[in-house]
Structure formats: C-alpha cells, structure tokens
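# Structural features, examined
Letter by letter, the chains look like this.
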Amino acid sequence: MAISTPSSGPSGGALTEVLELILDRGVVIDVFVRVSLVGIEILTIDARVVVASVDTYLRYAEAVGRINLDNKKAGVPELMEGRKTEKAIENATDKLGELFGGIFGQPAKDAVQVEPGKEER
Amino acid sequence: MSDPTRDSSGATASPQATSQYVYAVIPAADAASWAGAEGIDGGVRVVEEGDLAALVSALPPDKTPGRREDLEAHRRVLGRAIERGTTIPMRFGMVMDSDELVRERLLQKHGPELSEMLRDLDGKVQMTVRAFYAEDALLGAVMSANREIARRAAALQGLPEVQTREERIAVGEAVAKAVDERRARDEAALLDRLRPYADDVRVDPAGGDRVALNAQLLVQRERRPELDEAIRDMGAMLKGYVALRYIGPLPPYSFTALSLEPNENED
C-alpha cells in the first residue's frame, strides 16, 4: 500500500498503523487482561516492517555511496510515492528551507554531486 | 468479593456464564445510540452505572482474544464509538467475568477518574501524524549541508572495503550523527507547525530510519478542518522530502494511557 501525502483529509489507517495504540495505550486494569500473544506477535512484526529500519554505521556509509552513484534506482515501493532522484532531494530541501524559514541553513546545491570521475562500477 | 478473575497466563476456564470483553467507557447519556454493532464474538451491549457506561460484548469463558479479527473488531467498535461521541478506549484484551464485575470493578470503583477523564476529553479526538522521509532524502539533505562528510565519502568510492574499513566506519558514524541531528530538527520543526492545532501532543518514538515524526494529537472536533488544511499544505510543500501520513479520528488512546490498578493482584 502506498503512503502518500494526504490530499483529501485523514484516513482510518491500516490495522498495523494503529496496532501500537490498541495494544499499549488506553485504560487498563492489569488483573483483567486476557490476551493471546501468538497472533499479536505476528501482527507486531508486520507493523515493524511498515517502518523497516537498518541503521548500522556501515550501512550509512554504503548508502552515501548509493545516492551518489545510483540515482535512478527505484525506491522502496511500498513506503513512498515517487522516485528519489538527486534533483528531487535538492528541490525538497529548498522547500524545507521555505517552510521553516531557513532555520536549517542553506544547503550547498552542488554538494551532493561528488567526483563524477569515479562513477564507473 | 473475590471473583476468580484470570491473569494473563490464561488459566483454563471454569464452566460458568460468559465473560464480557470491555471496549470503552462512554457517558451514559450516549448509551442509547448503541445497538447492533458487531464486536469480537457477538453484538456490542451497554452496561450502565450512574453517569458512566461501558461498551461490552459477550465472550466465551475459554476464549482468549488475540487474532487479527479480534483486533480488527476492537478497532471497529472503538472507531464507531469515537464517531458518536466522547470515548475512553480500553486497552486491547480487557475481559471481565460478568456485567456485575464491569459495574463494580470498573465503573464504580474508578468512577471518579473515569468521569473526570470524560470531562477532559469532551469533544476531542486523537489524530496521528507521521512523517516519512522519501528514500535517501534525509541523507541527501545531510550530505548537501555537510560538504566535508560528502568529500570524505566520495574519497572512499571505488576503494576496496577491507582496506578502508576504518574510514568507512568513521564516515558512517559522522553521517549517522549528522542524520540524527537533522532528524531531530525536522521533528521539532514539524511539531512546531502542528502544535497550534492541538490541545495536547504526544511524540512517540520514530520507530525507523525513515520516520521524521510520529506524533499523536489531541484535537477538538471543531478544529479538525483547520488541522486538515494545515496537513494538506505541509504535505504539498514537503513533497519529495517527507510524505505525511494522517490517521484518524481515533479514540484518545494516547491520552488515556493509564493503568488503573498497576500492582494489584486480587482483593
């Protein structure tokens, strides 16, 4: 399911998107809780996949190389609409600057492009 | 009174009358509007006590909720409740052994707290706002703003990984730090834009690399159109950098996170 910027108001959300709220929030009297964890564990894993994360330092380093070299590679399809090219990132960064009134400082336009000479591989 | 309530270890059921699955507490004044909604294992009923009412449905004594359908039913009933009026959501899995127990141990014993909560939540709903970075958008922004890191990363391209392992880790660490800072600033900036529309805000952990913001807003129903518009505008402006996910109206799960009897066993 694609996640897109809302254009016509909020949605009810998929079960996985509200799972944590249902399981961990709200009022409870512990002594009256009766829950089978087997089904829930599977759903919890699904919910985590929605915002899958891999963030070791090495992977960051790898990713830095990837955005410089493989700009045209397709994005993670289920999470985000659109393709993330270098240009899109620049444009969006500019927009962020507009929106937040330059709190973040001006990005250097050419900084993403790194040594075109090394791009074979 | 010592009704043999079960603990979460799921002791086997004794043959007795059906249990009651408890979904929510609502004002008794709203009870009349409840009829015919399907719950986890049967129709939703209302158990009233004074100014308060609990939404319940019968559950076989040997059944332990936890399947996807059970969660869906729980969400469906609560979604309907918040559409109709002020709602205190119960956490998933609250099962009491009889209507009497629902009255005594929930509505009477905790009546003052529940009534106060209902007053505080009157006319309010919860809206979830999550912001997801477009793929590599966060990294791209960080690299744009940190030329030194970009230069060091570039110098590593094409070199054998084994020889450059230390520098790769060092660069990665510098990137990670810059990414964290950027994400924190983005989160703060997004929150600043949302706060004016909310009576209260809870920020949940991001839960992933791609998540810029995971916020729960308590919003007055009549202010919803303003918030909807603000979200639309932000979404349009940030397109390509972050995508917003806007979910609701939900019962105020995050603003009722409360264990009424945290360490109690049985009395």
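No experiment lies behind these values; they were computed from the predicted model shown. (Residues numbered from 1 in each chain as written. Chains lettered and ligands numbered in written order. Predicted model: local features only at pLDDT ≥ 70, side-chain atom pairs only at ≥ 80, totals over all residues. Heavy atoms only, no water.)

Our next topic: the sheet that holds strand 8 (residues 211-220) of chain B. Pairing in this open sheet of 4 strands is antiparallel, and the strands run 7-8-6-9 (chain B) from one edge to the other. In the strand order of this sheet, the two ends are held by strand 7 (200-203) and strand 9 (242-250) of chain B, each with one partner. The average undirected angle you get between the axes of adjacent strands in this sheet is 20°. Both strand 6 (residues 124-133) of chain B and strand 8 of chain B contribute to a ladder of 9 bridges, which runs antiparallel. Each residue of the ladder has a partner; that of Val125 of chain B, found in strand 8 of chain B, is Val219 of chain B. Across the sheet, helix 1 (residues 15-24) of chain A lies against strand 6, strand 8 and strand 9 of chain B, angled at about 55° from strand 9 of chain B, the strand it touches most. Helix 7 (residues 224-238) of chain B contacts strand 6, strand 8 and strand 9 of chain B of the sheet and is inclined by roughly 165° relative to strand 9 of chain B. (Pairing = 2+ DSSP bridges. Helix = DSSP H or I, 4+ residues; strand = E, 2+ residues; numbered from the N terminus. Axes fitted to C-alpha atoms, helices over the stretch in contact; angles between N-to-C directions. Contact = heavy atoms within 4.5 Å.)

Time to look at helix 7 of chain B. Residues and elements named next belong to chain B. Over its 15 residues, helix 7 runs 21 Å from end to end, which matches the ideal 21 Å to within 8%, given 1.5 Å per residue. When helix 7 is considered as a whole, its buried residues turn out to be Arg224, Leu227, Asp228, Ala230, Ile231, Met234, Gly235 and Leu238. Projected down its long axis, helix 7 shows its buried positions confined to an angular sector of 165°, all on one face. What points out from helix 7, more than 90 degrees from its buried face, is the exposed set Pro225 and Ala236. At the C-terminal side of helix 7, Gly240 shows a positive phi close to 95°. (Expected span 1.5 Å × (residues − 1). Buried < 20%, exposed > 50% of the residue type's maximum accessible area, 1.4 Å probe, protein only. Arc of directions from axis to C-beta.)

Residues and elements named next belong to chain B. Burial runs high along strand 1 (residues 19-27): 9 of the 9 residues are buried. As judged from the 8 bridges shared by strand 1 and strand 3 (residues 52-59), these two strands associate in the antiparallel manner. Bridging across to strand 3, Ala24 finds its partner in Leu55. One ladder, built from 2 bridges, connects strand 1 with strand 5 (residues 95-96); its direction is antiparallel. Considered in strand 5, the bridge of Gln20 is made with Met96. Where strand 1 and strand 4 (residues 88-89) come together, 2 bridges link them in antiparallel fashion. By the bridge assignment, Ala24 is partnered in strand 4 with Pro89.

Residue and element names in this part refer to chain B. Topologically, Asn214 is positioned in strand 8. In this structure the side chain of Asn214 is engaged in a polar contact, spanning 3.1 Å, whose partner is the backbone oxygen of Pro205. Leave out the neighbours within four places in its chain, and Asn214 touches Thr128, Val129, Arg130, Arg202, Val203, Asp204, Pro205 and Ala206. (Polar contact = N/O pair within 3.5 Å; in protein donor to acceptor, adjacent residues only side chain to side chain.)

To continue, consider the nonpolar core. Membership of the largest hydrophobic core comes to 58 residues, with the highest contact counts inside it found for Val22, Ile88, Phe92, Val102 and Leu106 of chain B. Residue contacts for Val22 of chain B: discarding those within four places in its chain leaves Ala54, Leu55, Val56, Met90, Met94, Met96, Val102 and Leu106 of chain B. (Core = buried A, V, L, I, M, F, W, Y, C linked by side-chain atoms within 4.5 Å.)

All names here are of chain B. Most of strand 9 sits inside the fold, with 8 of its 9 residues counted as buried. Sheet analysis places strand 6 next to strand 9, joined by 7 bridges and oriented antiparallel. Pairing of Val129 across the sheet is with Tyr246, part of strand 9.

Residue and element names in this part refer to chain B. Per the counting criterion, the structure on display carries 3 aromatic pairs over all chains. Ring centres 5.4 Å apart and planes at 80° place the aromatic pair Tyr133 and Tyr241 in the edge-to-face group. Of the two residues, Tyr133 is situated in strand 6 and Tyr241 in the loop between helix 7 and strand 9; the sequence distance between them amounts to 108 residues. Residue Tyr133 shares its accessibility class with Tyr241, and that shared class is buried. Aromatic ring contacts, followed pair by pair, group Tyr21, Tyr23 and Phe92 into a single cluster. The residue whose ring lies beneath Arg84 is Trp34, and the NZ or CZ to ring-centre distance is 4.7 Å. (Phe/Tyr/Trp six-rings, centres within 6.5 Å; stacked < 30°, edge-to-face > 60°. Lys NZ or Arg CZ within 6 Å of the ring centre and 35° of its normal.)

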